[in-house]
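# Geometric and topological summary
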Amino acid sequence: MATDVLAEITGMLVEILGDEFLLAEEVTMSTSFNEDLALESIEFVALAEQLHQRYGSEVDLMGFLAEKDMDSILAMSVGDLVTHITRITHASLARTSATVPAAEGPTTAAAGRTGAPVSAKSAG
């Protein structure tokens, strides 16, 4: 999963920084945003927007950065972001899979017995 996220982030960086970036720089987990990529604030905003489009509102780059001090932000690597995204998406998947069976179980069983859908009025 982390390699997939790394590949997606690399693709986003190529879109933001341009095709010549792909030829000049290999993105790895240890690539730093500041020192290696020299990402400027406007490029971070563009990355945040692409992450939001790809992963939804749960992956909030600006919120993730807000939790860090300046030294941590300057030292942040692509791997730090990959780890953050992987953790968020795993947690989201775990919540979704844990709630789906509970939400479907009683409604499906009750509808199957009576042949009619269960509504709030008939269930109460």
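The paragraphs below set out a description of the structure included in this document. (Residues numbered from 1 in each chain as written. Predicted model: local features only at pLDDT ≥ 70, side-chain atom pairs only at ≥ 80, totals over all residues. Heavy atoms only, no water.)

## Here's the deal with the overall build of the chain
Just so we agree on the cut-off: Secondary structure elements follow DSSP: runs of H or I no shorter than four residues count as helices, runs of E no shorter than two count as strands, and numbering proceeds from the N terminus. Partly exposed residues are those whose accessible area sits between 20% and 50% of the maximum for their type, while under 20% is buried and over 50% is exposed, using a 1.4 Å probe and protein chains only.
Along the chain, the regular secondary structure elements total seven helices and zero strands. The order of α-helices and β-strands along the chain, N terminus first, is α-α-α-α-α-α-α. Per-residue burial over the chain gives 31% buried out of 124 residues.

## Quick look at the packing of helix α1 (residues 2-17) against helix α3 (residues 41-55)
Test applied: Axis lines are fitted through C-alpha atoms, for helices just across the contact stretch, and the angle between N-to-C directions can take any value from 0 to 180 degrees. An angle below 35 degrees is treated as roughly parallel, one above 145 as roughly antiparallel, one from 65 to 115 as roughly perpendicular, and anything else as oblique. Rotating anticlockwise by less than a right angle from the far helix to the near helix defines a left-handed crossing, while the corresponding clockwise rotation defines a right-handed one. A contact between two residues is defined here by any heavy atoms of the two lying within 4.5 Å. The residue classification treats Ala, Val, Leu, Ile, Met, Phe, Trp, Tyr, Cys and Pro as nonpolar and Asp, Glu, Lys and Arg as charged. All others, Gly included, are polar.
Look at α1 against α3: their axes get within 10 Å of each other, and the N-to-C directions meet at 135°. The pairing of α1 with α3 is recorded here as oblique in orientation. Classified by chirality, the crossing of α3 by α1 is right-handed. Contacts between α1 and α3 involve V5, E8, I9, M12, L13, E15, I16 and L17 from the former and E43, A46, L47, Q50, L51, R54 and Y55 from the latter. A breakdown of the residues in the contact of α1 with α3 according to their chemical character gives 10 nonpolar, one polar and four charged.

## Overview of the environment of I9
Structurally, I9 is set in helix α1. The spatial distance from the C-alpha of I9 to the C-alpha of V82 is 8.0 Å, given a sequence separation of 73 residues. Setting aside residues no more than four positions away along its own chain, I9 makes contact with L51, V78, L81, V82 and I85.

## Observations regarding α1
To keep it simple, the criterion reads: To estimate how far a helix should extend, the number of its residues minus one is multiplied by 1.5 Å.
Compared with the 22 Å implied by 1.5 Å per residue over 16 residues, the 22 Å span of α1 between its first and last C-alpha is a close match. What α1 keeps buried is the set V5, L6, I9, T10, M12, L13, V14 and L17.

## Topic: the packing of aromatic side chains
Put simply, the rule is: Two rings from Phe, Tyr or Trp (for Trp, the six-membered ring) form a pair when their centres are within 6.5 Å of each other. A pair whose planes differ by under 30 degrees is stacked, one over 60 is edge-to-face, and the rest are tilted. Placement of a positive charge over a ring is assigned whenever Lys NZ or Arg CZ falls within 6 Å of the ring centre and within 35 degrees of the normal to the ring plane.
If you walk through the whole model with that rule in mind, you get one aromatic pair. An angle of 50° between the planes, with centres 5.4 Å apart, marks the rings of F33 and F44 as tilted. Of this pair, F33 sits in the loop between α2 (19-24) and α3 while F44 sits in helix α3, placing them 11 residues apart in sequence. By the burial criterion, F33 is buried, and F44 matches it. Across the ring face of Y55, the terminal group of R54 is positioned such that the distance to the ring centre comes to 4.6 Å.

## Topic: the nonpolar core
To be explicit about the condition: Side-chain atoms within 4.5 Å are what join buried Ala, Val, Leu, Ile, Met, Phe, Trp, Tyr and Cys residues into a set we call a nonpolar core.
Within the largest apolar cluster, 26 residues are counted, with the highest numbers of intra-cluster contacts made by I9, L13, F33, L47, L51, L61 and L81. Among the elements of the structure, α1, α3, α4 (61-66) and α6 (78-114) are those that each provide at least two residues to this core. With seven residues, the single largest contributor to this core is α1. With sequence-adjacent residues up to four places away left out, L51 is seen in contact with I9, M12, G56, V59, L61, L81 and I85.

## Concerning the side chain of S77
Mapped onto the secondary structure, S77 falls in the loop between α5 (70-75) and α6. Apart from residues no more than four positions distant in its own chain, S77 is found in contact with M29, S30, T31, S32 and F33.

## Description of a nonpolar patch on the surface
Put simply, the rule reads: By definition, no residue in a patch forms a salt bridge, and every one has over 30% relative accessible area; like charges are joined within 9 Å, nonpolar side chains (Val, Leu, Ile, Met, Phe, Trp, Tyr) within 5 Å. Every accessible area reported is derived by Shrake-Rupley at a probe size of 1.4 Å, with residue values counting cover from the shown protein chains alone. Here a salt bridge means any side-chain nitrogen of Lys or Arg lying within 4 Å of a carboxyl oxygen belonging to Asp or Glu.
A surface patch of nonpolar side chains, about 270 Å² in accessible area, is lined by I42, V45 and M62. Inspection of the secondary structure assignment puts M62 in helix α4. Owing to a relative accessible area of 37%, M62 belongs among the partly exposed residues under this scheme.

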